[in-house]
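# Structure at a glance
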Amino acid sequence: QAERVVASLKRQGLTIAGYPTVRPADCGRITATLSSVFEASQPYFRTHDQKFTSRFENLIGDFHDFCQRIYPGEAMGARLLRARVRLFMGDAQGVLELVSHHAQRPYTLEDNPWQFLQLIELFAQAHLLQGTLGDADMSFIALGRWLTANVRKLSPVRAGIHMAPFVAFGREEPGAPLRS
């Protein structure tokens, strides 16, 4: 069913004015559908069922590429889902390929704090899986400060809850103050 929905979305044309008939909310609904497929099919991903996982990867990749051309902000939802799937399957390098560029350049994201927090968590978890979080060139304290100062609709507490688990990594002296 998800394959039919994505195929139907890609067949949509343009309005008379030249704009896509697909609306951003349509991309969001399809991302939610693909997320539901992932949640319901986790045993296939856990066992690395090659037929199923490659089919899903191709589907979400096509969908992401389509959305990227017309609504880049909505494409980020598909990118994050793709990264979640890869993290679930233990492909930390694949996750970093998807999220590192945006994690290191938060200003490239549209004003969606929830997606950015997911992105940072995926970035940090992938580095944790590889054992390289201490080597990541990122200050989660400074990033949290930047985020709360520049993104409306995000409280410092909410940012702190998501960033706090990663703050102490990379510190040379355990007794040193937690400063960026």
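One structure accompanies this document, and this report is about it. (Residues numbered from 1 in each chain as written. Predicted model: local features only at pLDDT ≥ 70, side-chain atom pairs only at ≥ 80, totals over all residues. Heavy atoms only, no water.)

## Some remarks on the packing of helix α5 (residues 72-88) against helix α7 (residues 113-130)
Describing two packed helices takes the angle between their axes plus the distance from one axis to the other. α7 packs onto α5 with a crossing angle of 25° between their chain directions and a minimal axis gap of 10 Å. As summarised for this structure, α5 and α7 are arranged roughly parallel, according to the angle between their axes. For the pair α5 and α7, the crossing hand works out as left-handed. Across the interface between the two elements, G73, M76, G77, L80, A83, R84 and L87 from α5 touch Q115, Q118, L119, L122, Q125, A126 and L129 from α7. Classifying every residue of the contact of α5 with α7 gives eight nonpolar, five polar and one charged. (Axes fitted to C-alpha atoms, helices over the stretch in contact; angles between N-to-C directions. Helix = DSSP H or I, 4+ residues; strand = E, 2+ residues; numbered from the N terminus. Parallel < 35°, antiparallel > 145°, perpendicular 65-115°, else oblique. Left-handed = near helix turned anticlockwise from the far one by under 90°. Contact = heavy atoms within 4.5 Å. Nonpolar A, V, L, I, M, F, W, Y, C, P; charged D, E, K, R; others polar.)

## Thoughts on the packing of aromatic side chains
Applying the stated rule across the entire model yields five aromatic pairs. Taking 4.7 Å as the distance between ring centres and 25° as the angle between the ring planes, the aromatic pair formed by Y44 and F52 counts as stacked. Relative to F56, the ring of F45 lies with its centre 5.3 Å away and its plane at 80°, an arrangement referred to as edge-to-face. Of the two residues, F45 is situated in helix α3 (residues 42-46) and F56 in helix α4 (residues 50-70); the sequence distance between them amounts to eleven residues. Joined through ring pairs, the aromatic side chains of F38, Y44, F45, F52, F56 and F88 make up one cluster. (Phe/Tyr/Trp six-rings, centres within 6.5 Å; stacked < 30°, edge-to-face > 60°.)

## Here we look at α4
With 21 residues, α4 should reach 30 Å at 1.5 Å per residue; the first-to-last C-alpha distance of 30 Å fits that figure. Here α4 has its buried residues at T53, F56, E57, L59, I60, G61, F63, H64, F66 and C67. On the buried face of α4, the contacting elements are α1 (2-11), α2 (24-40), α3 and α5. (Expected span 1.5 Å × (residues − 1). Buried < 20%, exposed > 50% of the residue type's maximum accessible area, 1.4 Å probe, protein only.)

## A look at the environment of Q12
Within the secondary structure, Q12 sits in the loop between α1 and α2. For Q12, a relative accessible area of 39% translates into the label partly exposed.

## Focus: the nonpolar core
Counting 28 residues, the largest nonpolar core has F116, L119, I120, F123, F140 and M163 as the members making the most contacts within it. For this core, the secondary structure elements donating two or more residues are α5, α6 (92-103), α7, α8 (140-150) and α9 (156-163). Of the residues forming this core, the biggest block, eight residues, is contributed by α7. Counting residues in hydrophobic clusters, the runner-up holds 20 residues, among them C27, F45, F56 and C67. (Core = buried A, V, L, I, M, F, W, Y, C linked by side-chain atoms within 4.5 Å.)

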